[in-house]
Amino acid sequence: MMNTSSPYVIETQDLNVFYGDFHAVKNVQLRIEKHKITALIGPSGCGKSTVLRCFNRMNDFIPTARIQGRVLFHGKNIYDPDVDPVQVRRRIGMVFQKPNPFPKSIYDNVAWGAKINGFRGDLDQLVEESLRRAALWDEVKDKLDANGYSLSGGQQQRLCIARALAVKPEVILMDEPTSALDPIASLRIEELMVQLAEEYTIIVVTHNMQQAARVSDYTAFFTVDEHRTGYLEEFGPTPEIFTTPKSRITEDYITGRFG
Amino acid sequence: MMSDFPEGQELEQFIKRRRQKGLIWRSLFLLATTLGVLVLMVLLLTILNKTLGYVAVRYRMEPDELVVALYRTIMLDASQTQTLANPADLTRGLAADPDGVGIMARADFEATGQGLRVVPITDLSLQGVVVVVSEANTWLTDLTSLELMRLFTIATTWSELRPEWPQRPIHRWLPPASSPALHAFIAQVYGEDPRTQPTEALVAMLAMHLSPGAMRQIMAEKPLSARTHEDFYQLLVDRVMEPTILETWSFSESILNRKAIQARVAAMPDARLEFRRWITWDFITSPQSSRPEFAGVRTAILGSLWVVFITLLFAIPVGIGAAIYLEEYGSGGWLDQLIESNINNLAGVPSIIYGMLGLAVFVRALEPLTSGSLFGLVDPATSNGRTVLSAGLTLGLLILPLIIINAREAIRAVPQAFREASLGLGATQWQTIWSHVLPNALPGILTGSILAISRAFGETAPLVVVGASTAIFLDPHGPFSKFTVLPIQIYQWTSRPQAAFQNLAAAAIIVLLALLLVMNGLAVYLRHKYRRTY
C-alpha cells in the first residue's frame, strides 16, 4: 500500500461520515504533509474527532457509522475492501483524550503492542527506546515493573505515547491529548510533539487554540452548519489561519467571539 | 414586603416539619433492616437449637458395662485371685495374708475392716471403694494408678511392680463379680468410655461379645491389623452396643427443662440420658443410613459435589462464551436482541420448569447418553437416565442465564478505553478480548459464576423432578451414578416421623449453609483480591 510518489501522507477526498441517518461530517478535503503537525480545531460537535478516527478506521467499531468518500494513505484508499484495518492501525497509531494505559506494568504496556505485531528484535531495547522518545525513560527506568496506573496523569499520557511509538507507526493521531492534564504536564506533551514531528507525522485534535498555534504547522478549522453537520471551513498553514484567516467564521472563532 | 417564601417563625416551623418527615422515613428503614436481621437470626438459632441437646438412648449393651465386663473378666481370671461374697470373710482372710491385697466397698471396710489398712493412691482419689492390705504388710505404703492397673491384672509377683518389693506372688482378694464395689473400682481405675480404651481392649471386647463365627466374618471383611482404633469402636457401636435413640430434645429444652427430662428418662426402662452434638465429624463422613444413630451426609455431600461439578463444566464455558459473543461480537441486531431478551426471561423461569425440561430431554430423550449405556458402561436393559449427568446438565441450564447476565455485566464494566487502546495498536479483536477484556472482567465473571454455582448447590425442586433418589446408601462415583444431594437429603429427613431425623436434618442444614458460606466467602475474597487498579 506504499506509494511514495504522493507528497502527502494522508489525503481525504469528499469524506462524509454518517451515524445512522445523521450526517455528521460532510465533504472534507484534507492533505496532511509528512513530518508536520496538523491541528484540527473547532467548536464542540463539529466532527473533528470523527474525522481523526476515520484516519485509522476506529469508526469501524461504531455499528451505525458509515463512511463515504476516500481516505488515502500514501495514495491508497484505506477503506478499499482489500485493506485490512489491522494493518492500517499498525501504521497509524493513536493517543486518546484520557490517558488509558493498560492495567499492567509499565514495561508490558510498551512491549505488548510490539509482541502482538510479531516483533522479533530485542524487546528490552525497544521498550527503552520508546520510553526515551516519549521523554519518560528517566522517570520510570527504575520501576518498569510498576503498574501503569501508579504514574501521574501526564506520565500516563507519555506512557501511552511510548506505547504507540513502540509499534513504529508513521502517523500518530492525537485526540485532545492534553485536555485531561494540568498546564505543566500539557506543556511537556507539547514539547514532545514538536520533537516527535522530526520523525513522525502528527495529527492532533485540540480545543486549546493556543496549543494549536504553538505546536502545529497546519491548522484545519471545522465548524457546523444549520443541520449540525460538521464541515471543514478553512485549512492552511497555522500562521495564516491565526493571523489572516480568509473566512469570517474562522476569524470569529479564533478571536473568541464564538465556540 | 411580603415574600413568596415562608420567613421567620413560619420558616422555622416549615423546616422542622420537613425534618420530621425525613426522620419518620429513616426510622422506618431502620426498622425494616432490624426486622430482616432479626428474622434471619431467629431462623439460624432455630436450626442451631436442634443440632445440640439431650437424647434418650437405649443400648443393648451399655458402653460402661462393656468396659467393666472386660476388666472384670481379666481381674477374675488373674492368678492367685479369690472372690468372697461376705466382707467379713474377706477381712479375716486378707488380714492373715501379708502378701495379699484386696478391694472392698468403703462402707464394708469401715464396718468390718479390723486388721486391714487402706493403701493411698497417689494420683487418683477412689470414691466409695478402697484398696486394702493386711496390717502385717510392711512395704505397700502407696500406689500410682498405673501400678494399681497392673496389680490386679498382669502382675504376678510384688517385685514386678517395684524392684525393692519382695519377690513373692501377689494374692488378690476380690468381692464377687456382681458386686457394686468391683464395678465402681473398674469404672474409676480403667475408665468407662470404650472410646478411650486401647485398641487391644476394643478387640478383646469384640471377641467377648461376638460369636467366633461373627469374628471370623469381620476378619474376612478386613484383617484386624488393617483396622484402626476408630474402626473397632464403630464395630462395637454397630454390633455390640447397638444404641437406639428413643427421644430427642432441643438445646433450649435441654437447658430449661433439664429436671423434667431427667425424670422422664429415668422412668423409661433401660434408657440413658446423653448430651449429643449432632454435627460431628462422623456425621459428615458417614454414609446415609436408615438408622438415625449412624446416618451421615457423606453420600449427599458427594452427590452435591458431583452434580455441581457437572453443572460447572457445562455452564461456565458456555455462559462465558455466550457473554463474550453478545458483548464483543454481537452487532446488536434484531437476532441479538431476541436472544438477549430470551436470556433475561429465562433467568426468571421457575426452577421446577427446568426440572420438567431436564426430565424430558436429559432423562428421557438422551437416556442412552446420560445413563452411560451409549458408552457400554451400563447394561442397556436396566439403564436409567436419572443420573448425576442429567442433574448436572439440568442445573447447568438453570444457571446458564445467570452466568451469562453476570459475565456480560463484568465484560461491559471493562472500560472502552482499553479496547480502543488495544485496537489502536493494531491488535485484532480476539487479541483485544483475550489480553485486555477477559483479564479485567475475570474477577466479575468469577464472582458471578460462584454465586450462580451456590444457587445450583441449594436447588431442590428441579432435582426432585429429574429424579434425585432419596434413599441412596452408596457414594456416587461418576457422572453415571445415581445420586442424592444435600437439600434433597434434608427434605427427606424432615419428612420422617422419628424425632432423631429432625435433628439430623438440622445438622445437615448447617452443613449446607457452611458450604454455601464458604463459596460466597470465596466470591467476596476474589472480588477483593482482584479489585480494580485503574
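As the structure is a computational prediction, the values presented were derived from the model and not from experiment.

Overview of the overall build of chain A
Okay, step 1: When you go through chain A residue by residue, the secondary structure sums to 10 helices and 10 strands.
Okay, step 2: In terms of overall size, chain A behaves like a compact globule, its C-alpha atoms giving a radius of gyration of 18 Å where 259 residues would be expected to give roughly 18 Å.
Okay, step 3: Overall, the C-alpha framework of chain A stretches about 55 × 45 × 35 Å when taken along its three principal axes.
Okay, step 4: Counting all 259 residues of chain A, 54% fall into the buried class.
Okay, step 5: Carbon and sulfur atoms form 47% of the exposed surface of chain A, whose accessible area is close to 11200 Å².
Okay, step 6: For chain A, the distance from the average site of its 30 positive side-chain charges to the average site of its 33 negative ones is 3 Å.

Points about the domain arrangement of chain B
Residue and element names in this part refer to chain B.
Okay, step 1: Domain parsing of chain B yields domain 1 (51–58 + 243–277), domain 2 (63–190), domain 3 (194–242) and domain 4 (298–529).
Okay, step 2: For domain 2 versus domain 3, the distance between C-alpha centres works out to 29 Å.
Okay, step 3: In this complex, domain 2 contributes eight residues to the contact, which on the side of domain 3 involves 11 residues.
Okay, step 4: Of the roughly 760 Å² buried at the junction of domain 2 and domain 3 (both faces included), carbon and sulfur atoms supply 79%.
Okay, step 5: Seen at the junction of domain 2 and domain 3, the total is zero salt bridges.
Okay, step 6: Our count for the contact surface shared by domain 2 and domain 3 stands at two residue pairs in polar contact (both at pLDDT 80 or more).
Okay, step 7: Among the elements that make up the side of domain 2 that touches domain 3, the one with the highest residue count is helix H2 (residues 63–77) (seven residues).
Okay, step 8: Of the residues that constitute the side of domain 2 that touches domain 3, the class distribution is seven nonpolar, one polar and no charged.

Some words on the sheet that holds strand E8 (residues 271–277) of chain B
Within a beta sheet, neighbouring strands are joined by backbone hydrogen bonds and run either parallel or antiparallel to one another.
All names here are of chain B.
Okay, step 1: The sheet built from three strands is open, its strands ordered E7-E1-E8 with antiparallel pairing. If you trace the sheet from one side to the other, it starts and ends with strand E7 (244–248) and E8, each paired once. Neighbour to neighbour, the strand axes of the sheet diverge by 40° on average, direction disregarded.
Okay, step 2: By the bridge criterion, seven bridges tie strand E1 (residues 52–58) to E8 in an arrangement that is antiparallel. Bridging across to E8, Val-57 finds its partner in Arg-272.
Okay, step 3: Against the sheet, helix H12 (residues 258–267) touches E1, E7 and E8, its axis set at about 135° to E8.

Points about the environment of Glu-164 of chain B
Okay, step 1: Inspection of the secondary structure puts Glu-164 of chain B in the loop between helix H6 (158–161) and strand E6 (171–174).
Okay, step 2: For the pair Glu-164 of chain B and Trp-139 of chain B, spaced 25 residues apart in sequence, the C-alpha to C-alpha distance is 8.8 Å.

Examining the sheet that holds strand E8 (residues 201–205) of chain A
All names here are of chain A.
Okay, step 1: Strand order in this open sheet of 10 strands is E5-E4-E1-E2-E10-E9-E3-E8-E7-E6, and the pairing throughout is mixed. Each edge of the open sheet is held by one strand with a lone partner, namely strand E5 (76–77) and strand E6 (92–95).
Okay, step 2: As judged from the eight bridges shared by strand E1 (residues 8–19) and strand E4 (residues 65–73), these two strands associate in the antiparallel manner. Residue pairing for E4: Val-17 is matched across the bridge by Ile-67.
Okay, step 3: Across the sheet, helix H7 (residues 183–196) is in contact with strand E3 (37–41), strand E7 (171–175) and E8; its angle to E8 comes to roughly 150°.

Description of the pairing of strand E3 (residues 100–105) of chain B
Two faces make up the sheet, and in a regular strand the side chains alternate between them.
Residues and elements named next belong to chain B.
Okay, step 1: Most of E3 is tucked away, with six of its six residues classed as buried.
Okay, step 2: Residues Gly-100, Gly-102 and Met-104 line one face of E3 and the alternating positions Val-101, Ile-103 and Ala-105 line the opposite face, and both faces are buried.
Okay, step 3: With three bridges connecting them, E3 and E6 associate as parallel partners. For Gly-102, the partnering residue across the bridge sits in E6 and is Trp-173.
Okay, step 4: Of the pairings in the sheet, the one linking E3 to strand E5 (residues 129–134) comprises five bridges and is antiparallel in character.

Quick look at the packing of helix H1 (residues 8–49) of chain B against helix H23 (residues 499–529) of chain B
All names here are of chain B.
Okay, step 1: One can describe the packing of H1 onto H23 by two numbers: an axis separation of 8 Å at closest approach and a directional angle of 130°. Looking at the two axes, H1 sits oblique to H23. For the pair formed by H1 and H23, the contact residues are Leu-44, Ile-47 and Leu-48 on the first element and Ala-506, Ile-509, Ile-510 and Leu-513 on the second.
Okay, step 2: Of the residues assigned to the contact of H1 with H23, the class counts are seven nonpolar, no polar and no charged.

What to know about helix H8 (residues 199–209) of chain B
Think of an α-helix as turning once every 3.6 residues; residues three or four places apart then point the same way.
Residues and elements named next belong to chain B.
Okay, step 1: Turning to H8, its buried residues number three or more, namely Ala-201, Leu-202, Met-205 and Leu-206. On an axial view of H8, the arc spanned by its buried residues comes to 140°, and they lie on one face.
Okay, step 2: Among the structural elements, H2, helix H9 (212–221) and helix H10 (229–241) are those in contact with the buried residues of H8.

Looking at the packing of aromatic side chains
Aromatic rings in a pair are described by how distant their centres are and how their planes are angled relative to each other.
Okay, step 1: With the rule as written, the count across this model stands at 15 aromatic pairs over all chains.
Okay, step 2: A ring pair is formed by Phe-221 of chain A and Tyr-253 of chain A, whose centres lie 4.9 Å apart and whose planes are at 35°; its orientation type is tilted. On the criterion of sequence distance, the pair formed by Phe-221 of chain A in strand E9 (residues 218–224) and Tyr-253 of chain A in helix H10 (residues 248–254) is long-range, its members being 32 residues apart. The same class applies to Phe-221 of chain A as to Tyr-253 of chain A, namely buried.
Okay, step 3: For the ring pair Phe-283 of chain B and Trp-493 of chain B, a centre distance of 6.2 Å and an interplane angle of 40° mean the geometry is tilted. Of this pair, Phe-283 of chain B sits in helix H13 (residues 281–285) while Trp-493 of chain B sits in helix H22 (residues 486–494), and the two are 210 residues apart along the sequence.
Okay, step 4: The buried category is assigned to Trp-493 of chain B, whose relative accessible area is 0%.
Okay, step 5: One aromatic cluster in this structure is built from Tyr-54, Phe-251 and Phe-275 of chain B.
Okay, step 6: Sitting over the ring of Phe-501 of chain B, Arg-496 of chain B keeps its end group 4.0 Å from the ring centre.

Definitions and limits used
Residues numbered from 1 in each chain as written. Chains lettered and ligands numbered in written order. Predicted model: local features only at pLDDT ≥ 70, side-chain atom pairs only at ≥ 80, totals over all residues. Heavy atoms only, no water. Helix = DSSP H or I, 4+ residues; strand = E, 2+ residues; numbered from the N terminus. Rg over C-alpha atoms; globule rule 2.2 N^0.38 Å. Buried < 20%, exposed > 50% of the residue type's maximum accessible area, 1.4 Å probe, protein only. Areas by Shrake-Rupley, 256 points an atom, 1.4 Å probe, with all protein chains shown as cover. Lys, Arg positive; Asp, Glu negative; His and termini not counted. Charge placed at Lys NZ, Arg CZ, Asp CG, Glu CD. Domains from an automatic or database assignment. Contact = heavy atoms within 4.5 Å. Buried area = accessible area lost by both parts, 1.4 Å probe. Salt bridge = Lys/Arg side-chain N within 4 Å of Asp/Glu carboxyl O. Polar contact = N/O pair within 3.5 Å; in protein donor to acceptor, adjacent residues only side chain to side chain. Nonpolar A, V, L, I, M, F, W, Y, C, P; charged D, E, K, R; others polar. Pairing = 2+ DSSP bridges. Axes fitted to C-alpha atoms, helices over the stretch in contact; angles between N-to-C directions. Parallel < 35°, antiparallel > 145°, perpendicular 65-115°, else oblique. Arc of directions from axis to C-beta. Phe/Tyr/Trp six-rings, centres within 6.5 Å; stacked < 30°, edge-to-face > 60°. Lys NZ or Arg CZ within 6 Å of the ring centre and 35° of its normal.

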